[in-house]
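Each chain, letter by letter, is given below.
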Amino acid sequence: MKASIIIPNYNGINYIEACLDSLLLMGYQDYELIVIDNASTDGSEVLVSQRNEPMHLICNDTNLGFAAAVNQGIECAKGDYVILLNNDVEVEPDWLERLVWAIEQDERIFAVSSKMLRWHERDIIDDAGDGYNILGWGFKHGDGMNRSSYAKAREVFSACAGAAIYRKSLLDEIGYFDEAFFAYLEDIDLCFRARMQGYKVIFEPSAVVYHIGSATSGSKYNDFKVRLASRNNVYLLHKNMPLWMLVLNSPFLILGDVVKYIFMARAGFGNIFLKGKLEAFKTLKGVKKASGYRLADCLWVEGWMIKESISFVRYMLALITKR
């Protein structure tokens, strides 16, 4: 079997059916479907179980979080490639075909990120691959730009796990999603590890999906999301950067946190942001630190973070000019 599509679901009654229906319209059908339900209470688990298409449905007794749920799917996946798909996404008919084609262009490609467009504004980009810069900021390339932008395939720092394909053999080598993260930044952590071992991550513009965004958490900014993102960014740095990289980048990382705190404080989430940082340092011993990276790969990733910083500035200037 070529591909395994894994969809984590938590209270997705309003959109998971549209997601599953769009998969049935795909021309490429060499895949298995795995749905992980994280103890939904809105009836979406029953809705999924009553559908006719073949699938493997795993129902958890509690909400284990995104990372643990998709790991369950990866563990039972039989395909050469693992595809992660959010339950609030609708795919184009050739989406899976284009992802499989893209990842097969080079055996050093670990993951390929889709071109995600906004569900309700289908001419606007939601995500064109994820970046991570020396300020310690994860960000979405192209967010808010016209869909005609980001029209060429290119290498990016990370794939957004909302609609991405991963090489199963490399997942087995690198490790799966870190369940300590629960949700948020776990996809950047995974691609960080892959990059630190010399593998590539690609954005493929012809693999198109439509994404509602923040459907599970309820909003772009809320206490739950801000706290976990703040905490997980500390986890990500602790896990993936050797001490010399942390020291080298510390002035930029501190500046990034100060700027982000000011932004969050103005949005009413300053205390929650700090609470996430405090929680991170209290629980850091439970996060397994990656090791064994070659100096050349570390320098390559360092260069990518600097490059992503420049890309972020260019993107912000383009967005301001567009407006």
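Residues numbered from 1 in each chain as written. Predicted model: local features only at pLDDT ≥ 70, side-chain atom pairs only at ≥ 80, totals over all residues. Heavy atoms only, no water.

(A) Here's a closer look at the overall build of the protein chain. When you go through the protein chain residue by residue, the secondary structure sums to ten helices and twelve strands. For 323 residues, the compact-globule estimate of 2.2 N^0.38 gives 20 Å, and the C-alpha radius of gyration of the protein chain, at 19 Å, lies within 12% of that figure. For the protein chain, the spread of C-alpha atoms along the principal axes amounts to about 55 × 45 × 40 Å. In the protein chain, which comprises 323 residues, the share counted as buried stands at 54%. Within the protein chain, counting contacts between residues at least 6 apart in sequence, those at least 24 apart form 78% of the total. (Helix = DSSP H or I, 4+ residues; strand = E, 2+ residues; numbered from the N terminus. Rg over C-alpha atoms; globule rule 2.2 N^0.38 Å. Buried < 20%, exposed > 50% of the residue type's maximum accessible area, 1.4 Å probe, protein only. Contact = heavy atoms within 4.5 Å.)

(B) The arrangement of the packing of aromatic side chains in detail. In total, this model carries 14 aromatic pairs according to the counting rule given. Residues Y132 and F192 carry aromatic rings whose centres are separated by 6.1 Å and whose planes lie at 70° to one another, so their mutual orientation is edge-to-face. Of the two residues, Y132 sits in strand β8 (residues 130-132) while F192 sits in helix α6 (residues 186-195), which places them 60 residues apart along the sequence. Of the two residues, Y132 and F192, neither departs from the other in class, the shared state being buried. Judged by centre distance (5.7 Å) and plane angle (75°), the ring pair of W137 and F312 falls under edge-to-face. With W137 in the loop between β8 and β9 (138-140) and F312 in helix α10 (residues 295-322), this residue pair connects regions lying 175 residues apart in the sequence. Under the relative-accessibility criterion, W137 is labelled buried at 17%. Cluster of aromatic residues (ring-pair linked, three or more members): F66, F110, Y166 and F177. Cation over ring: R122 sits above W119, and NZ or CZ is 5.4 Å from the ring centre. The cationic tip of K307 hangs over the ring face of W304; the distance from NZ or CZ to the ring centre is 4.4 Å. (Phe/Tyr/Trp six-rings, centres within 6.5 Å; stacked < 30°, edge-to-face > 60°. Lys NZ or Arg CZ within 6 Å of the ring centre and 35° of its normal.)

(C) View of the pattern of salt bridges. In the structure shown here, the tally under the stated rule is 19 salt bridges. The salt bridge involving E90 is made with R122; its shortest N-O contact spans 3.3 Å. On the criterion of sequence distance, the pair formed by E90 in strand β5 (residues 89-91) and R122 in the loop between β6 (109-118) and β7 (125-127) is long-range, its members being 32 residues apart. Residue classification places R122 among the partly exposed residues on the basis of a relative accessible area of 30%. D143 serves as the salt-bridge partner of K140, at 3.7 Å between the closest nitrogen and oxygen. Residue D143 is classed as buried on the basis of its relative accessible area of 16%. Salt bridges here are not isolated pairs; linked through shared partners, they connect R118, E121, D126, K140 and D143. (Salt bridge = Lys/Arg side-chain N within 4 Å of Asp/Glu carboxyl O.)

(D) Structural context of the environment of V82. Looking at where V82 falls in the secondary structure, it is placed in strand β4 (residues 81-85). Taking the relative accessible area as the measure of exposure, V82 reaches 0% and is therefore buried. With 129 residues separating them along the chain, V82 and H211 place their C-alpha atoms 19 Å apart. The contact partners of V82, leaving out residues within four places of it in the chain, are S4, I6, I74, A77, A164, I165, Y166, K168 and L171.

(E) Looking closely at a nonpolar patch on the surface. A contiguous nonpolar surface patch, about 440 Å² in accessible area, is contributed by I254, V258, Y261, I262 and L274. On the secondary structure map, L274 appears in helix α9 (residues 270-283). Look at L274 and you get partly exposed, because its relative accessible area is 42%. (Patch = residues over 30% accessible without salt bridge, like charges linked within 9 Å, V, L, I, M, F, W, Y side chains within 5 Å. Areas by Shrake-Rupley, 256 points an atom, 1.4 Å probe, with all protein chains shown as cover.)

(F) Local environment of α6. Most of α6 is tucked away, with ten of its ten residues classed as buried. Among the residues making up α6, those that are buried are E186, D187, I188, D189, L190, C191, F192, R193, A194 and R195.

(G) Seen up close, unusual backbone geometry. With a phi close to 50°, N11 is a non-glycine residue in the positive phi region. If you trace the backbone, N11 turns up in the loop between β1 (3-9) and α1 (16-24). For N11, a relative accessible area of 23% translates into the label partly exposed. Even without glycine at this site, Y150 takes up a positive phi of about 50°. Relative to the helices and strands, Y150 is located in the loop between β9 and β10 (154-155).

(H) Focus on helix α4 (residues 95-103). Residues of α4 that are buried include every one of W95, L96, L99, V100, A102 and I103, and no others. Seen from one end, α4 has its buried residues packed into an arc of 160°, which puts them on one side. (Arc of directions from axis to C-beta.)

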